[in-house]
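# Survey of secondary and tertiary structure
Here is how the chains run, residue by residue.
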Amino acid sequence: MYTLYYAPGTASLVVHWLLIEIGARHELRKLDLAAREHKRPEYLALNPAGRVPTLLIHGEPMTEAAAMVMHLADAHPNFGLAPPPGTVERARYYQWIVFLANTLQPAFRHFYYPEEAAGPEHADAVRTHAARTIDAAWDQVEAHLVRRGPYLLGPSVSAADFLLTMLMRWSRNLPRPATDCPQLGALAQRMKARPGFRLLYEREGLQEWA
Ligand SMILES: N[C@@H](CCC(=O)N[C@@H](CS)C(=O)NCC(=O)O)C(=O)O
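Being a predicted model, the structure only gives us computed values, none of them experimental.

### Concerning the UniProt feature "domain: GST C-terminal" (unreviewed entry) in the protein chain
Sites flagged by UniProt as "domain: GST C-terminal" (unreviewed entry) map to residues 86-210. Taken end to end, residues 86-210 has its terminal C-alpha atoms 37 Å apart, with 70% of it in helix and 0% in strand.

Structure follows, in C-alpha cells:
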C-alpha cells in the first residue's frame, strides 16, 4: 500500500502517474504549497527538505521522485518499465534516469526558484543560465532519439520516459518548449495518449499541456 503526498503538476506528478499505470493501490494526500503545508513539522518529519513528493511504502517514508520512479518500476516488474538488472539496457536506463534527475531537474529548480542559487540579486542571471542548460539537455535528448528512439531505451517505453515527459511538461511556457524538437514532441504525444495520463489529469485537476 502506497501513500503519496503530492501537489498538482509538481515533481510528484510522475510518481502519481506511475501509480496509476501499474494499478497500485494508493492513497493521495494533497499538499497546498501556497499555504506552506509542506513546511509544517509533521511533513518535515517525513521529508526533511520540505519538498514534494513523499511516498509512504507500507508507512515508511521515501523521498526523491526519480528514486520512487525506479523503485515502482522494479517493485512491479510485470509492467516491463525497467530492463533487468545487470544488462546493457539497464545501464542505459540508469544513465537516462540519472541524467534527467541530475542535470535537467536541477536546472528546472534553478529556473523556477532562481533566487535559491545565488540570492535574489542574481535571479535573472541564474534563470538565463538555467534556460540554456535546459535547452542543451533537450538538444542532447533529441539527438539521442533521432539515432536510438523512438523512446529513450529504443523501441519500448520505460519508466525513464515518464520522468522525461514530466520534465517536458515543465518546459511548456519556456521560450523553447521541449516539444519544439520533433522527436521529443512525438514522444510527448505518445505518452499523453496513454489512458493513465488522462486519469492523472482528472485527478490532479490539470488542464495545461493536455
Ligand atoms: N529532488 C527532489 C526535488 C523536489 C522538488 O523540488 N519539489 C518542488 C516541487 S516540483 C517543491 O517541493 N517545491 C516547494 C519548495 O521547495 O518549497 C525530488 O525530485 O523529489
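There is more to say, and it comes next.
### Notes on the packing of aromatic side chains
Within the structure shown, the criterion is met by eleven aromatic pairs. Ring geometry for Phe108 and Trp138: centres 6.2 Å apart, planes at 55°, overall tilted. With Phe108 in helix 4 (residues 88-112) and Trp138 in helix 6 (residues 123-148), this residue pair connects regions lying 30 residues apart in the sequence. By the burial criterion, Phe108 is buried, and Trp138 matches it. Members of the aromatic cluster, each reached through a chain of ring pairs, are Trp17, Phe162, Phe197, Tyr201 and Trp209. Arg109 extends its terminal NZ or CZ atom over the ring of Tyr113, reaching a point 3.8 Å from the ring centre.

### Quick word on the UniProt feature "domain: GST N-terminal" (unreviewed entry) in the protein chain
The UniProt record marks residues 1-80 with the feature "domain: GST N-terminal" (unreviewed entry), using the residue numbering of this structure. As annotated, residues 1-80 has a helix share of 30% and a strand share of 22%, and its two end C-alpha atoms lie 20 Å apart.

### Some points on the environment of Ile22
Among the structural elements, Ile22 can be located in the loop between helix 1 (13-21) and strand 2 (26-30). You can call Ile22 buried: its relative accessible area is 7%. Placed 174 residues apart in sequence, Ile22 and Gly196 show a C-alpha to C-alpha distance of 9.3 Å. In this view, Ile22 contacts Leu72, His76, Phe79 and Leu81; residues no more than four positions away in its chain are not counted.

### Brief notes about the site of the ligand
In the vicinity of the ligand, the residues found are Thr10, Ala11, His38, Lys39, Arg51, Val52, Pro53, Glu64, Ala65, Gln105, Arg109 and Tyr113. Separating a nitrogen atom of the ligand from a side-chain N or O atom of Glu64 is a distance of 2.7 Å. With the chains in place, 86% of the 510 Å² that the ligand exposes on its own is no longer accessible. A class-by-class count of the residues in the shell around the ligand yields five nonpolar, three polar and four charged. Counting residues domain by domain, the shell around the ligand receives three or more from each of domain 1 (2-79 + 197-204) and domain 2 (88-194).

### Quick look at the environment of Thr10
In this fold, Thr10 is placed in the loop between strand 1 (2-6) and helix 1. Along the primary structure Thr10 and Val52 are separated by 42 residues, whereas in three dimensions their C-alpha atoms are 7.4 Å apart. Ignoring anything within four residues of it in the chain, the contact list for Thr10 reads Leu33, Val52, Met166 and Trp170. In terms of polar contacts, Thr10 uses its side chain to reach the backbone carbonyl oxygen of Ala7, at 2.8 Å.

### Let's talk about the domain arrangement of the protein chain
For the protein chain, the domain assignment lists domain 1 (2-79 + 197-204) and domain 2 (88-194). Between the C-alpha centres of domain 1 and domain 2 the distance comes to 20 Å. Tallying the contact residues gives 17 residues for domain 1 and 19 residues for domain 2. Summing both sides of the interface, domain 1 and domain 2 together bury roughly 1600 Å²; the carbon and sulfur share of this comes to 65%. The largest share of the area that domain 1 buries against domain 2 comes from Trp17, Met70 and Phe197, three residues that together contribute 29% of it. Inspection of the region where domain 1 meets domain 2 yields two salt bridges. In this structure, Arg90 engages Asp74 in a salt bridge whose closest nitrogen and oxygen atoms are separated by 3.0 Å. Summed over the shared surface of domain 1 and domain 2, the result is five residue pairs in polar contact (both at pLDDT 80 or more). Residues of the side of domain 1 that touches domain 2, tallied by class, amount to eleven nonpolar, two polar and four charged.

### Regarding the pattern of salt bridges
A full pass over the atoms with the stated rule returns eight salt bridges. In this structure, the salt-bridge partner of Glu37 is Arg40, at a minimum N-O distance of 3.9 Å. Take Arg40: its relative accessible area is 38%, and that puts it in the partly exposed class. Taking the shortest distance from any N to any O, the salt bridge between Glu208 and Arg172 comes out at 3.3 Å. You can see Glu208 sitting in the segment after helix 9 (195-204) and its partner Arg172 sitting in the loop between helix 7 (159-170) and helix 8 (182-192), a full 36 residues away along the chain. Of the residues examined, Glu208 reaches a relative accessible area of 42% and is grouped as partly exposed. Since its relative accessible area comes to 23%, Arg172 is described here as partly exposed. A single salt-bridge network, built from bridges that share partners, covers Asp135, Asp139 and Arg176.

What counts, and where the lines are drawn
Residues numbered from 1 in each chain as written. Predicted model: local features only at pLDDT ≥ 70, side-chain atom pairs only at ≥ 80, totals over all residues. Heavy atoms only, no water. UniProt positions renumbered as here; feature names shortened; annotations may be inferred. Helix = DSSP H or I, 4+ residues; strand = E, 2+ residues; numbered from the N terminus. Phe/Tyr/Trp six-rings, centres within 6.5 Å; stacked < 30°, edge-to-face > 60°. Buried < 20%, exposed > 50% of the residue type's maximum accessible area, 1.4 Å probe, protein only. Lys NZ or Arg CZ within 6 Å of the ring centre and 35° of its normal. Contact = heavy atoms within 4.5 Å. Near = heavy atom within 4 Å. Polar contact = N/O pair within 3.5 Å; in protein donor to acceptor, adjacent residues only side chain to side chain. Areas by Shrake-Rupley, 256 points an atom, 1.4 Å probe, with all protein chains shown as cover. Nonpolar A, V, L, I, M, F, W, Y, C, P; charged D, E, K, R; others polar. Domains from an automatic or database assignment. Buried area = accessible area lost by both parts, 1.4 Å probe. Salt bridge = Lys/Arg side-chain N within 4 Å of Asp/Glu carboxyl O.

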